[in-house]
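Architecture at a glance
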Amino acid sequence: MTRLVTTPALAALLALAACSSQSGETKALPPVNVKGASLQAGFGNFDRLVEAAQKEGRLTVVGLPREWVNHGELMDVFADKYGIQIESLNPAANSQQQIDAVATAQKPDVFDLSIDVALANAAKFAPYQVTGWTDVPDEVKAANGTWYAGYGGYMSIGYDPRKMKAPASYAELLKPVGRPAGTTVALAGDPLKNASGFNGVMAASMQSSAQGAKFDARRGVQAFAALKKAGAVAAAPEQAAAVLDWDYLNAARSAANAANWQVTIPAGSILAAPYVQAISASAPHPAAARLWTEFLFSDEGQNILLRGYARPSRMEAMQMKSTLDNEAAGKLPKANGTPVFMTIPQQDEAKVYLQKHWSQQMS
């Protein structure tokens, strides 16, 4: 994105336009025209979909931690509303592990994925248009209806205000010398396996230029290596004075204990990313899978995600229709600047570099 967005809550999601191009070009997807993928295909209407889903009686999800963007409430409300039992497989599964679960005996019905994994596995998804499809910006959904972003977020710094002031930049946070005692830093996960960890390194690698943001994986690795050498990298996130993580996770931690945890998004260094939803083409419970997707994209479902500090994809449309939870929207971490993103080629290049150098530099 090359301009300020008037609705910052959608900025992370609108980044998907560039991610959708394997060549790295920043162009939007073509208008969506999905034939045979709508609610009516196979179920007739919403009431019949509900009836079919209740007859199946079960829904299998994977990679949905209850504390992640309020997924616990989302699952509980859905189960109670429709009387459908939810089986949650491996809540800690990353995006690739979610895809791998298709080959197991307990096949998942739906996925919640990072954009790179979704693009690489689109052939495994069933095209489907939710009722709120037209409210989801074209830039954040596949033209053939196989995947669509439900929410997004920004990389942020969570920090203990008793030990440090809000870092003005990632460079300030990661400086290896002149640090107050006890101000250790951590990533939210292993950057070789975890999207949060990877994006934390890449946020630290960002550099602004006249042509826009640039990502230099070498710069990010060297910054953490210098911090490690100085003894300022915590062994685990819960032991750190500052943690690089998605803003919705740092914000949730702050809401639970604001005196001990605050969140900031450094101005001019806003790394945005979406999570996309998809229905498995081999879903054991196809009606329940579609009903879950309907619920997630409904006003009720999107507001539940918003209360988990995520930035829902239908947020702009819900604002216009006065169905948005404005109180929850007002609690989102503030972001000043132009949100930026990594294209798929940029991600691929950075991952290759980290695979070669991260473990060696951090040992």
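Since the model is a prediction, treat every value here as computed from it, not as a measurement.

The next point concerns the overall build of the protein. A count of helices and strands for the protein gives 16 helices and 11 strands. Looking at the protein as a whole, 54% of its 363 residues qualify as buried. A fraction of 75% describes how many contacts in the protein between residues 6 or more apart in sequence connect residues 24 or more apart. Surface exposure of the protein reaches about 15,500 Å², of which carbon and sulfur atoms provide 50%.

Next up on the list: the confidence of the model for the protein. Averaged over every residue, the pLDDT of the protein is 86; the share at 70 or more is 87%. Segment residues 1-36 is flagged for pLDDT under 50; beyond a separation of four residues in sequence, or across chains, it makes 100 contacts in the model.

This brings us to the pairing of strand E8 (residues 242-246). The buried fraction of E8 is high, at 5 of 5 residues. Strand direction decides the pairing type here: strand E4 (residues 148-159) and E8, joined by 5 bridges, are antiparallel. Across the sheet, residue Ser156 finds its bridge partner in E8, namely Asp245.

Moving on: the side chain of Asp135. Inspection of the secondary structure assignment puts Asp135 in the loop between helix H7 (115-120) and E4. Under the relative-accessibility criterion, Asp135 is labelled buried at 17%. Within the local environment of Asp135, its side chain forms a polar contact with the side chain of Arg314, the two groups lying 2.8 Å apart. Of the polar contacts made by the side chain of Asp135, one reaches the side chain of Lys321; its length is 2.7 Å.

Checked against the element boundaries, Glu238 lands in the loop between helix H10 (217-229) and E8. Considering only alpha carbons, one finds Glu238 and Ala186, 52 residues apart in sequence, at a separation of 8.6 Å.

Turning next to the packing of helix H12 (residues 286-297) against helix H13 (residues 299-307). Between H12 and H13, the least distance of the axes is 4 Å, while the angle of their chain directions is 65°. On H13, the residues that touch Phe295, Leu296 and Phe297 of H12 are Asp299, Glu300, Gly301, Gln302, Ile304 and Leu305. Along the lines of polarity and charge, the residues of the contact of H12 with H13 split into 5 nonpolar, 2 polar and 2 charged.

Met202, Phe224, Tyr248 and Trp292 are the most contacted members of the largest nonpolar core, which totals 100 residues. The element that contributes the greatest number of residues to this core is H12, accounting for 8 residues. Those residues within four positions of Trp292 in sequence are excluded, and the remaining contacts are Leu59, Leu64, Leu74, Met75, Phe78, Ile86 and Val110. With 5 residues, the next largest nonpolar core counts Ala234, Ala240, Val243 and Trp261 among its residues.

Here we come to the side chain of Lys141. Checked against the element boundaries, Lys141 lands in the loop between H7 and E4. The exposure class assigned to Lys141 is buried, which follows from its relative accessible area of 2%. Separated by 2.6 Å, the side chain of Lys141 and the backbone oxygen of Trp133 make a polar contact. A polar contact is formed between the side chain of Lys141 and the backbone oxygen of Val136, at a distance of 2.8 Å.

With that settled, consider unusual backbone geometry. Even without being glycine, Val69 reaches a positive phi, approximately 45°. Inspection of the secondary structure puts Val69 in the loop between strand E1 (58-62) and helix H5 (71-82). Given the relative accessible area of 1%, Val69 is considered buried. The backbone of Tyr309 sits at a positive phi, close to 70°, despite the residue not being glycine. Counting through the fold element by element, Tyr309 comes out in the loop between H13 and strand E11 (311-312).

With that settled, consider the pattern of salt bridges. Enumeration over the complete set of coordinates arrives at 12 salt bridges. The closest approach of N and O atoms between Asp116 and Lys351, which form a salt bridge, is 2.3 Å. Here Lys351 lies in helix H16 (residues 344-362) and Asp116 lies in helix H7, a separation of 235 residues in the sequence. Under the relative-accessibility criterion, Asp116 is labelled buried at 18%. Its relative accessible area of 29% is what places Lys351 among the partly exposed residues.

Rules and cut-offs
- Residues numbered from 1 in each chain as written.
- Predicted model: local features only at pLDDT ≥ 70, side-chain atom pairs only at ≥ 80, totals over all residues.
- Heavy atoms only, no water.
- Helix = DSSP H or I, 4+ residues; strand = E, 2+ residues; numbered from the N terminus.
- Buried < 20%, exposed > 50% of the residue type's maximum accessible area, 1.4 Å probe, protein only.
- Contact = heavy atoms within 4.5 Å.
- Areas by Shrake-Rupley, 256 points an atom, 1.4 Å probe, with all protein chains shown as cover.
- pLDDT = per-residue confidence, 0-100.
- Pairing = 2+ DSSP bridges.
- Polar contact = N/O pair within 3.5 Å; in protein donor to acceptor, adjacent residues only side chain to side chain.
- Axes fitted to C-alpha atoms, helices over the stretch in contact; angles between N-to-C directions.
- Nonpolar A, V, L, I, M, F, W, Y, C, P; charged D, E, K, R; others polar.
- Core = buried A, V, L, I, M, F, W, Y, C linked by side-chain atoms within 4.5 Å.
- Salt bridge = Lys/Arg side-chain N within 4 Å of Asp/Glu carboxyl O.

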